[in-house]
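Now for the letters of each chain:
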Amino acid sequence: MTLRPTCIAALTSGLLLAACATTGSGSSSADTASVAALQAGEWQIEDIEGAGVVDNSPATLLFGADGKLSGNASCNRLIASYTVEGSKLTISPTGTTMMACPPALMDQERKLVDLLGAVTRYSIDRTGTLTLTSASGKRIVARR
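Computed from a predicted model, the values in this text were never measured in an experiment.

Undergrad: Sorry, what's going on with the overall build of the chain here?
TA: Secondary structure summary: the chain contains three helices and nine strands in total. For the chain, with 144 residues in total, the buried portion stands at 31%. For the chain, the share of sequence-separated contacts (at least 6 apart) that also reach a separation of at least 24 residues comes to 44%. When the accessible surface of the chain is split by element, carbon and sulfur atoms take 59% of a total near 8600 Å².

See the structure below:
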């Protein structure tokens, strides 16, 4: 069977268009993979606003496939909801339990909760580091 040049061009164009297609509501397959990576397990927070975290701090985040965010805010459990659109990330107001802890953990928790509410985007780099960034450039860094 011999393919004519016009058939080859049509096949090539079709393959290129298929490779550029998006899935879902405007999200590309790369976006879908990034969301899957975000939701793939619990993140251990290593840095809040460039100040690190209290040694052996239990601060964690877990992004559920159902749009629910849970974790440990340093002292208390946290809950919120979130939405992702491309690299944009919006986290609803975060709620926590109400236990008292040592002042250093309470201060870290306050900074974390405040910053989570200001997050506007996220990225996961090649090393698997999650970075949540606010509009003002403040960051939360976490790893698995």
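That was the structure; now back to the text.
Undergrad: Explain the environment of T90 to me, please; I cannot follow it from the model alone.
TA: When you line up the elements, T90 lands in strand β5 (residues 88-91). Expressed as a C-alpha distance, the spacing of T90 and T120, which sit 30 residues apart in the sequence, is 5.7 Å. Beyond its immediate sequence surroundings of up to four residues, T90 is in contact with S81, Y82, T83 and V119.

Undergrad: Help me out: how do you make sense of the environment of G128 in this one?
TA: As for its placement among the helices and strands, G128 is situated in the loop between β7 (119-124) and β8 (130-134). Spatially, the C-alpha atoms of G128 and A37 are 8.7 Å apart, while their sequence positions differ by 91 residues.

Undergrad: Would you mind going over helix α3 (residues 103-116) with me for this structure?
TA: Side chains that are three or four residues apart share a direction in an α-helix, a result of its 3.6 residues per turn. When the terminal C-alpha atoms of α3 are compared, their 20 Å separation across 14 residues agrees well with the 20 Å that a helix rising 1.5 Å per residue should span. Of all the positions in α3, only L105, Q108, E109, L112, V113, L115 and L116 are classed as buried. The buried residues of α3 all sit within an arc of 165 degrees when viewed along its axis, so they share a single face.

Undergrad: How do you make sense of the packing of aromatic side chains when you look at a structure like this?
TA: Scanning the entire structure with this criterion turns up one aromatic pair. Arranged with centres 5.1 Å apart and planes meeting at 90 degrees, the rings of F63 and Y82 form a pair that is edge-to-face. Of the two residues, F63 sits in strand β2 (residues 60-63) while Y82 sits in strand β4 (residues 77-85), which places them 19 residues apart along the sequence. Owing to a relative accessible area of 1%, F63 belongs among the buried residues under this scheme. The ring of W43 has R144 sitting right over it, with the charged end atom 3.7 Å from the ring centre.

Undergrad: What should I look at first to understand the pairing of strand β3 (residues 68-72) in this one?
TA: In the case of a regular strand, side chains alternate between the two sheet surfaces. One ladder, built from four bridges, connects β2 with β3; its direction is antiparallel. The residue of β3 that forms the bridge with L61 is G71. Bridging between β3 and β4 involves five bridges; their strand directions are antiparallel. Within β4, the residue paired with K68 across the bridge is S81. Taking the residues that link successive antiparallel strands as the turn, the β3-β4 hairpin has four residues, and the phi of S74 there is positive, at about 125 degrees.

Undergrad: Could you clarify how one ought to interpret the nonpolar core in this entry?
TA: Across soluble globular proteins, nonpolar side chains have a tendency to be buried as a group. Within the largest apolar cluster, 24 residues are counted, with the highest numbers of intra-cluster contacts made by L61, F63, L112 and L132. Counting only elements with at least two residues in this core, the list comes to β1 (43-48), β2, β4, β5, α3, β7, β8 and β9 (139-143). The contacts of L132, once residues within four sequence positions are left out, are L61, F63, L89, L116, V119, R121, Y122, K138, R139 and I140.

Undergrad: Can you walk me through unusual backbone geometry in this structure?
TA: Most peptide bonds are trans, and most residues other than glycine sit at a negative phi. In the Ramachandran plot, N56 falls in the positive-phi region, its phi being about 55 degrees despite a non-glycine side chain. Assignment of secondary structure puts N56 in the loop between β1 and β2. A positive phi angle is found at S74, which is not glycine, with a value near 125 degrees. You can see S74 is positioned in the loop between β3 and β4.

Conventions adopted
Residues numbered from 1 in each chain as written. Predicted model: local features only at pLDDT ≥ 70, side-chain atom pairs only at ≥ 80, totals over all residues. Heavy atoms only, no water. Helix = DSSP H or I, 4+ residues; strand = E, 2+ residues; numbered from the N terminus. Buried < 20%, exposed > 50% of the residue type's maximum accessible area, 1.4 Å probe, protein only. Contact = heavy atoms within 4.5 Å. Areas by Shrake-Rupley, 256 points an atom, 1.4 Å probe, with all protein chains shown as cover. Expected span 1.5 Å × (residues − 1). Arc of directions from axis to C-beta. Phe/Tyr/Trp six-rings, centres within 6.5 Å; stacked < 30°, edge-to-face > 60°. Lys NZ or Arg CZ within 6 Å of the ring centre and 35° of its normal. Pairing = 2+ DSSP bridges. Core = buried A, V, L, I, M, F, W, Y, C linked by side-chain atoms within 4.5 Å.

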